[in-house]
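Spelled out from the first residue to the last, the chains are:
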Amino acid sequence: MSAIIIDGKKSALAVKNQIASEIKRTNKVLGLGTILVGDDPGSVAYVEGKHRDCAEVGINSIKVNLSATASQSEIVNAVNELNKNSKCTGFIVQLPLPKSVDVQKVLAQIDPKKDADGLHPTNLGNLVLAKNSIIPCTPKAILSLLNEYKINLVGAKVLIIGRGTTVGRPLSILLSQKESNATVTLAHTGTKNLSELLLDSDIVIAAIGSPHFLKPEMIKSGVVVIDVGITRTAHGLVGDVDPKVSDKAAVFSPMPGGVGPMTRAMLLSNLMELSNQ
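Below is a short write-up of the structure. (Residues numbered from 1 in each chain as written. Predicted model: local features only at pLDDT ≥ 70, side-chain atom pairs only at ≥ 80, totals over all residues. Heavy atoms only, no water.)

Thoughts on the sheet that holds strand S6 (residues 183–187)
- If you walk across this open sheet you meet the six strands as S1-S11-S8-S7-S5-S6, and the pairing is parallel. Among the strands making up the open sheet, the edge pair consists of strand S1 (4–5) and S6.
- Here S1 runs beside strand S11 (residues 251–253); their pairing, made up of two bridges, is parallel. Residue pairing across strands places Ile5 opposite Phe252, the latter belonging to S11. (Pairing = 2+ DSSP bridges. Helix = DSSP H or I, 4+ residues; strand = E, 2+ residues; numbered from the N terminus.)

Shown next as structure tokens:
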């Protein structure tokens, strides 16, 4: 068996073209703000990619770069400045932040109406209530790709490995809503029967940041596998899933080239939605 490979770049391009057309048609003036703390190569590259996307579709960029030694109050001040900036119609705080910073306190300072990442407590709460105002970008990207590739979610046994607040937990809520109607299991460090769950799952989504954790022998034939994890190693960026899984899976979203490009596209999609609220 050779898996169908999900092409996130192609899907993202289609989304960006649609957004560019809408901006041109409506003459909307949008501005995406980013707050970057420090000079982590991965974070820098990711933020630069977001602003390249903005330039391609006609969205203005507002960049706030702080030093790695920036205090929590300095970061909060930067958030408040973007909250007040009329040219900024939505923004994100690039994660991760320094360990000395309380991430949730910073995110809670974002105006929910400018929360392009969907990580403010209000927007996460709306997700729990199935109001789905602004959905976190990576879960939104995963659902979009599953739908585009016509993966049947109704009644499907979905195993999400990783319970992080940016992917695992919000994704488990999103896929279990009535629109998708999947049966979702969220595995984590306390899960004792992971091997059994893996072999019983129709869809496996890995989001733990452990290089090539998921091996072909750990899954059943014909499963759908989505790689969300990313780790910087001496050999470059590596996902959570061993690429050899593609020989056993029916559909495989690799890293890079799968969820990543669509996550950035969903950020632009969220910015458009914020402008319509």
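A short note on helix H1 (residues 8–26)
- The terminal C-alpha atoms of H1, which comprises 19 residues, lie 27 Å apart, in line with the 27 Å expected from a rise of 1.5 Å per residue.
- Within the span of H1, buried status applies to Gly8, Ser11, Ala12, Val15, Lys16, Ile19 and Ile23. Along H1, the residues classed as buried sweep out an arc of 130 degrees about the axis, all on the same side. Residues Lys10, Gln18, Lys24 and Arg25 are exposed on H1 and point more than 90 degrees away from its buried face.
- Contact partners of the buried residues in H1: helix H2 (41–57), helix H6 (137–148) and helix H9 (259–276).
- Where H1 begins, the side chain of Asp7 points an oxygen toward the backbone nitrogen of Lys9, at a separation of 3.2 Å. (Expected span 1.5 Å × (residues − 1). Buried < 20%, exposed > 50% of the residue type's maximum accessible area, 1.4 Å probe, protein only. Arc of directions from axis to C-beta. Contact = heavy atoms within 4.5 Å. Polar contact = N/O pair within 3.5 Å; in protein donor to acceptor, adjacent residues only side chain to side chain.)

Here we look at the side chain of Gln177
- For Gln177, the location among the structural elements is in the loop between helix H7 (168–176) and S6.
- Judged by relative accessible area, Gln177 falls into the buried class, the value being 9%.
- If sequence neighbours within four positions are ignored, Gln177 has contacts with Leu127, Ala130 and Asn132.

Concerning unusual backbone geometry
- Across the junction of Leu95 and Pro96, the peptide omega takes the value 5 degrees, indicating a cis bond.
- Turning to its location among the elements, Pro96 is positioned in the loop between strand S4 (90–93) and helix H4 (103–108).
- Cis peptide bonds are those with omega within 30 degrees of zero, and the linkage from Met255 to Pro256 qualifies with 5 degrees.
- Looking at where Pro256 falls in the secondary structure, it is placed in the loop between S11 and H9.
- We note that Asn27 has phi near 60 degrees; this positive angle belongs to a residue other than glycine.
- Looking at the element boundaries, Asn27 is found in the loop between H1 and strand S2 (31–37).
- One non-glycine residue with positive phi stands out, namely Asn181, at about 60 degrees.
- Among the structural elements, Asn181 can be located in the loop between H7 and S6.
- Relative accessible area serves as the criterion here: at 39%, Asn181 is assigned to the partly exposed category.

Thoughts on the packing of H2 against H9
- Running from N to C, H2 and H9 cross one another at 55 degrees; their axes reach a closest spacing of 10 Å. The angle between the axes of H2 and H9 places the two elements in the oblique class. At the point where H2 passes H9, the crossing takes the right-handed sense. Along the contact surface, H2 presents Tyr46, Gly49, Lys50, Asp53, Cys54 and Val57, while H9 presents Gly260, Thr263, Arg264, Leu267 and Leu268.
- Taken together, the residues that form the contact of H2 with H9 break down as five nonpolar, three polar and three charged. (Axes fitted to C-alpha atoms, helices over the stretch in contact; angles between N-to-C directions. Parallel < 35°, antiparallel > 145°, perpendicular 65-115°, else oblique. Left-handed = near helix turned anticlockwise from the far one by under 90°. Nonpolar A, V, L, I, M, F, W, Y, C, P; charged D, E, K, R; others polar.)

Some points on the sheet that holds S2
- The strand order across the open sheet formed by three strands is S3-S2-S4, and the pairing between neighbours is parallel. Each of the sheet's edge strands pairs with one partner strand only, and the pair in question is strand S3 (60–66) and S4. Direction aside, neighbouring strands of the sheet carry axes that sit 15 degrees apart on average.
- Sheet topology note: the S2/S4 ladder contains four bridges and is parallel. Bridge pairing in S4 links Leu32 to Gly90.

Some remarks on the side chain of Ser180
- Structurally, Ser180 can be placed in the loop between H7 and S6.
- Residue Ser180 is classed as buried on the basis of its relative accessible area of 5%.
- Setting aside residues no more than four positions away along its own chain, Ser180 makes contact with Leu143, Leu153, Val154, Leu174 and Leu175.

Functional significance is not addressed by these values, which are geometric in nature.
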